[in-house]
Amino acid sequence: MEAAIHGALLTVRGRMNALLPVHGIPPEILLHIFELACDHCYDGYVNFRHRHKGHKPPLPLLLTHVCRRWRDVALSAPVIWSRIDVPNKHLLDLFLVRSGAAALSLHIGHEDPGVLLGTHVERLKRLDMTRSIDRSRPTLAPVQLQLSAPALECLTVLPHHGAEGYDNGFLFRALFQRQVLKLQALALYYVGEWMPRNIFPCLTHLCLSGIVNFGGSSGEVTCLVTLLANTPALQYLEVMGLAGGKFASAPMESRSRASLPSLRAITCSQSCASDAFCLLSALDFPSSVVIRLYNLNTLTDSSISWPSALLPNGMFQMFTHLNVRVVDRQLELTVDGRTAGFWLQVYTEGLNIDWQSWLMRLNIMFPMPAVRSLRVTTNQHGVVPTLLNQVHASLAELSLFVDTMGERSPTLESDKDAVLEAYAALASEDLSACAQLETLQLETLCSDPYAVLRTTALAAMAATRMMRRRPLRTLVVATGPLCAHCADKFSRGLVPIIPYFTRAVDFRPGAARESFGLSDTFDVPEADQWWDSQSSEDIRPRLWKQAVDPPYRIVGPVVSHDGSYKT
């Protein structure tokens, strides 16, 4: 009787579930939802997170306990059982059976993957390992893989948080005991002074982090470059934590070189600036490469100087846009074109550096013959004239953002001086000074833009250029949000300037943007094919969003090409 009642209740519940809207989802769409959910829950794909498992059952098991239809769909899909991150051997065996013949992704700790998987090791496509290091036994290598996994394409080795910073005794030189022919992605976190010397013929993605004790002897200095030389197919390189300054101090004759003909992007962060530049100078790569060097530290401006041979000569010809931000103790620079880009972000540790003297050497270190657009954000003297002197020959568009929020801007006087310096440089008697400049854009978030942008001096500069037959065509003035009264007052202040611009004077209240952004050139989504790395989390928010500009108004009449006025 009880069995009959239980069966009847199951039938009723099944028919009630069939009436729910979610029950109308086609099985193939429901399966796709399951795959996305299980993919997100697999720790190996998310930011190299250290393994932390509670008492919550794995998601595929939960899906089988919702209803009979969901259970049937889940059991018919081996792919959702192929991402294995389970706490015990019983669940592991269950997942291996239900995954069928699908390629496996496995996240483990100290377990031996060969012993755990048995004959299923032939299906292993991805292996993510979270290891703890026994400091009392420093002669043991952090990782020594002896399994035969012919289908392995991705390997991540992440030590437990408590094991950051190995002792100098960890000198393991062979990550695999067998040849690794199909490995495409390799990530080693907190690698210390051990570097694998295997040859990786198919490796396209390489991430190294925590090279904190990179030594100064010739043998130790070449370890990293030797690893790169063994990856001829490498496309995406990420290095974090290259610190200590010893790489840069090693003799030039002791530094080997690595040729990376397929390289598409280089990322180096949280490192010593001089070491990052020395690593870059040891690589041979194509001209169409995106280089991202950010969150670098330095003590002196001389440590961020480099020879002009740092980058391929053809790369300089591709750069058309230059963006520079010099505020207080931080320098940020991007130069990019359609297929290549270079991003540099350096900060000083506890002292002020004269960035102007560094920028005076910019054209020697970084020739830019084709730059057409320059954007400058600064609160320091001399920055704008120095940059204009570097790129004036080809410059067609200049954008100046006046920073009033930095440590050196307790008043508006320094910002006024920076604006006046820019006007003076544009009105120079030198006939070649920015001769091709057509558009000038001024931006500020100050509550009193009239006082900062100095419209009287602006009119004098524009009149001087017109008299010398180098007139500016367009002026764009972008400010922060202004009330209607302030906006009208500022609009009237721009009216006397109109005759000196041959195309238009545009006033855009609320359109000023303070943040230093990156163009789409620096977005390299292919680099995240295997991991969601820390650099991606840092870079994505800095990419310019394609937002619609706020409404703007043309102040007064517009001068047409024939000299007549249009309303």
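Residues numbered from 1 in each chain as written. Predicted model: local features only at pLDDT ≥ 70, side-chain atom pairs only at ≥ 80, totals over all residues. Heavy atoms only, no water.

Draft legend 1. Spotlight on a nonpolar patch on the surface. On the surface, Met1, Ile5 and Leu9 cluster together into a nonpolar patch covering about 350 Å² of accessible area. Positionally, Ile5 belongs in helix H1 (residues 2-18). Among the residues examined, Ile5 registers a relative accessible area of 46% and is labelled partly exposed. (Patch = residues over 30% accessible without salt bridge, like charges linked within 9 Å, V, L, I, M, F, W, Y side chains within 5 Å. Areas by Shrake-Rupley, 256 points an atom, 1.4 Å probe, with all protein chains shown as cover. Salt bridge = Lys/Arg side-chain N within 4 Å of Asp/Glu carboxyl O. Helix = DSSP H or I, 4+ residues; strand = E, 2+ residues; numbered from the N terminus. Buried < 20%, exposed > 50% of the residue type's maximum accessible area, 1.4 Å probe, protein only.)

Draft legend 2. Examining the packing of aromatic side chains more closely. Evaluation of the coordinates by the stated rule reveals four aromatic pairs. Ring geometry for Trp81 against Phe95: centres 5.0 Å apart, planes inclined by 70 degrees, an arrangement best described as edge-to-face. A residue pair is termed long-range when its members are at least 10 positions apart, and Trp81 in the loop between helix H4 (68-75) and strand E1 (83-84) and Phe95 in helix H5 (residues 89-98) qualify at 14 residues. Side by side, Trp81 and Phe95 carry an identical accessibility label, which is buried. (Phe/Tyr/Trp six-rings, centres within 6.5 Å; stacked < 30°, edge-to-face > 60°.)

Draft legend 3. Layout of helix H9 (residues 273-281). Counted residue by residue, H9 has eight buried out of nine residues, so it is predominantly covered. Among all positions of H9, only Ala273, Ser274, Asp275, Ala276, Phe277, Cys278, Leu279 and Leu280 are buried.

Draft legend 4. Inspection of the pattern of salt bridges at higher detail. As enumerated under the stated definition, the model contains seven salt bridges in all. With its nearest N and O atoms 4.0 Å apart, the salt bridge here joins Glu153 to Lys125. In this pair, Glu153 sits in the loop between strand E3 (124-131) and strand E4 (154-159) while Lys125 sits in strand E3, placing the two residues 28 residues apart along the sequence. With relative accessibility at 33%, the residue Lys125 sits in the partly exposed group.

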